[in-house]
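If you want the building blocks of each chain, they are given just below.
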Amino acid sequence: ARFLSSLCSRRRICCLDVKESALKTGMLKMGPCADGVLADMTGIHRVFRPGIFDLVCCFYSLQHISQPSDCIRSLMVLSNKNCIALSVLLDRDVDGHPLPQPLKSCYKSFLGPGELGKAFEAEGWKHFSWIRNEVYVESNEFPCQREYVIGRGSHFKRSILPDAREEPHTNKARRKK
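Residues numbered from 1 in each chain as written. Predicted model: local features only at pLDDT ≥ 70, side-chain atom pairs only at ≥ 80, totals over all residues. Heavy atoms only, no water.

Peer 1: What am I meant to see in the overall build of the chain here?
Peer 2: The secondary structure content of the chain amounts to six helices and six strands. In the chain, the succession of α and β elements from N to C terminus is α-β-α-β-α-β-α-β-α-α-β-β. In the chain, the share of contacts with a sequence separation of at least 24, taken over all contacts with a separation of at least 6, comes to 55%. Working note: accessible area of the chain is about 11,500 Å², and carbon and sulfur atoms make up 52% of it. (Helix = DSSP H or I, 4+ residues; strand = E, 2+ residues; numbered from the N terminus. Contact = heavy atoms within 4.5 Å. Areas by Shrake-Rupley, 256 points an atom, 1.4 Å probe, with all protein chains shown as cover.)

Right, here's the structure in full:
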């Protein structure tokens, strides 16, 4: 929230939630540059015109949707810079085993490891992803793995992702000349 609200002088932020209380909280955290839309994200592509946003972020929301892959495609359409950041709960516990049925019944859907990346690849997007196995019990986090993905479409101009020719086990990417 701090990073996004620091962009206020140059950008507007649009918060979207299906719960009014969560929407108000998000807008308060974002500050005066935030607008809010009370809506269900399954039809988000019908609410906004294609390419309206520079960056689309969706954090821990896809598990509330029965068809998350359809929603991911809708989010891709909304980004004019072809850049998306997503985080999801996975269908695995922290040791990599399938979640037990009582936990799986807590949400409409869980993605498997790598499914977000496959969704990006199916649309011709590049992506960078990582999985977190730790659960912060003191914060009452749901006990499962999480996957984080940053994706960019083929029309993205500036590289924010490591080059595909990155040297293994380093953070230094070789730049194309």
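Peer 1: Would you take a moment to explain the sheet that holds strand E6 (residues 146-152) for this structure?
Peer 2: By way of backbone hydrogen bonds, the strands of a sheet pair with one another, either parallel or antiparallel. Ordered by their spatial adjacency, four strands build an open sheet running E3-E4-E6-E5, and the pairing between neighbours is mixed. Edge positions in the sheet fall to strand E3 (56-59) and strand E5 (126-132), since each of these pairs with one other strand and no more. The average angle at which neighbouring strand axes cross in this sheet is 10 degrees, direction not considered. Helix H4 (residues 68-78) rests against E3 and strand E4 (83-89) of the sheet, and its axis sits at about 155 degrees to E4. (Pairing = 2+ DSSP bridges. Axes fitted to C-alpha atoms, helices over the stretch in contact; angles between N-to-C directions.)

Peer 1: Help me understand the nonpolar core in this model?
Peer 2: Most often, soluble globular proteins keep nonpolar side chains buried together rather than apart. Within the largest apolar cluster, 22 residues are counted, with the highest numbers of intra-cluster contacts made by Leu62, Leu75, Ile84, Leu86 and Leu116. Looking at this core element by element, the count peaks at five residues for H4. Filtering out sequence-adjacent residues up to four positions away, Leu86 remains in contact with Cys58, Ile72, Leu75, Leu116, Phe120, Glu147, Tyr148 and Val149. Judged by nonpolar contacts, the second largest core, of six residues, contains Ile13, Cys15, Leu23 and Met30. (Core = buried A, V, L, I, M, F, W, Y, C linked by side-chain atoms within 4.5 Å. Buried < 20%, exposed > 50% of the residue type's maximum accessible area, 1.4 Å probe, protein only.)

Peer 1: Please clarify how the environment of Asp17 should be interpreted in this entry.
Peer 2: Secondary-structure assignment places Asp17 in strand E1 (residues 13-17). Asp17 gets classed as partly exposed once you look at its relative accessible area, which sits at 25%. Placed 21 residues apart in sequence, Asp17 and Leu38 show a C-alpha to C-alpha distance of 5.4 Å. When near neighbours in sequence (up to four residues on either side) are disregarded, Asp17 contacts Ala22, Leu23, Val37, Leu38 and Ala39. Of note is the side chain of Asp17, whose polar atom sits 2.9 Å from the backbone nitrogen of Lys19. (Polar contact = N/O pair within 3.5 Å; in protein donor to acceptor, adjacent residues only side chain to side chain.)

Peer 1: Quick question: what am I supposed to make of the packing of aromatic side chains here?
Peer 2: Centre-to-centre distance and the angle between the planes together describe a pair of aromatic rings. Applying the stated rule across the entire model yields eight aromatic pairs. Residues Tyr107 and Phe110 carry aromatic rings whose centres are separated by 5.7 Å and whose planes lie at 80 degrees to one another, so their mutual orientation is edge-to-face. A relative accessible area of 13% places Phe110 in the buried class. Note on Tyr107 and Phe142: the rings are 5.3 Å apart at their centroids and 70 degrees apart in plane angle, and the pair reads as edge-to-face. With Tyr107 in the loop between helix H5 (101-104) and helix H6 (115-122) and Phe142 in the loop between E5 and E6, this residue pair connects regions lying 35 residues apart in the sequence. Residue Phe142 is classed as buried on the basis of its relative accessible area of 14%. (Phe/Tyr/Trp six-rings, centres within 6.5 Å; stacked < 30°, edge-to-face > 60°.)

Peer 1: What's the story with the side chain of Ser74 in this structure? I'm lost.
Peer 2: Its location among the elements puts Ser74 in helix H4. Residue classification places Ser74 among the buried positions, given a relative accessible area of 7%. Those residues within four positions of Ser74 in sequence are excluded, and the remaining contacts are Ile44 and His45.

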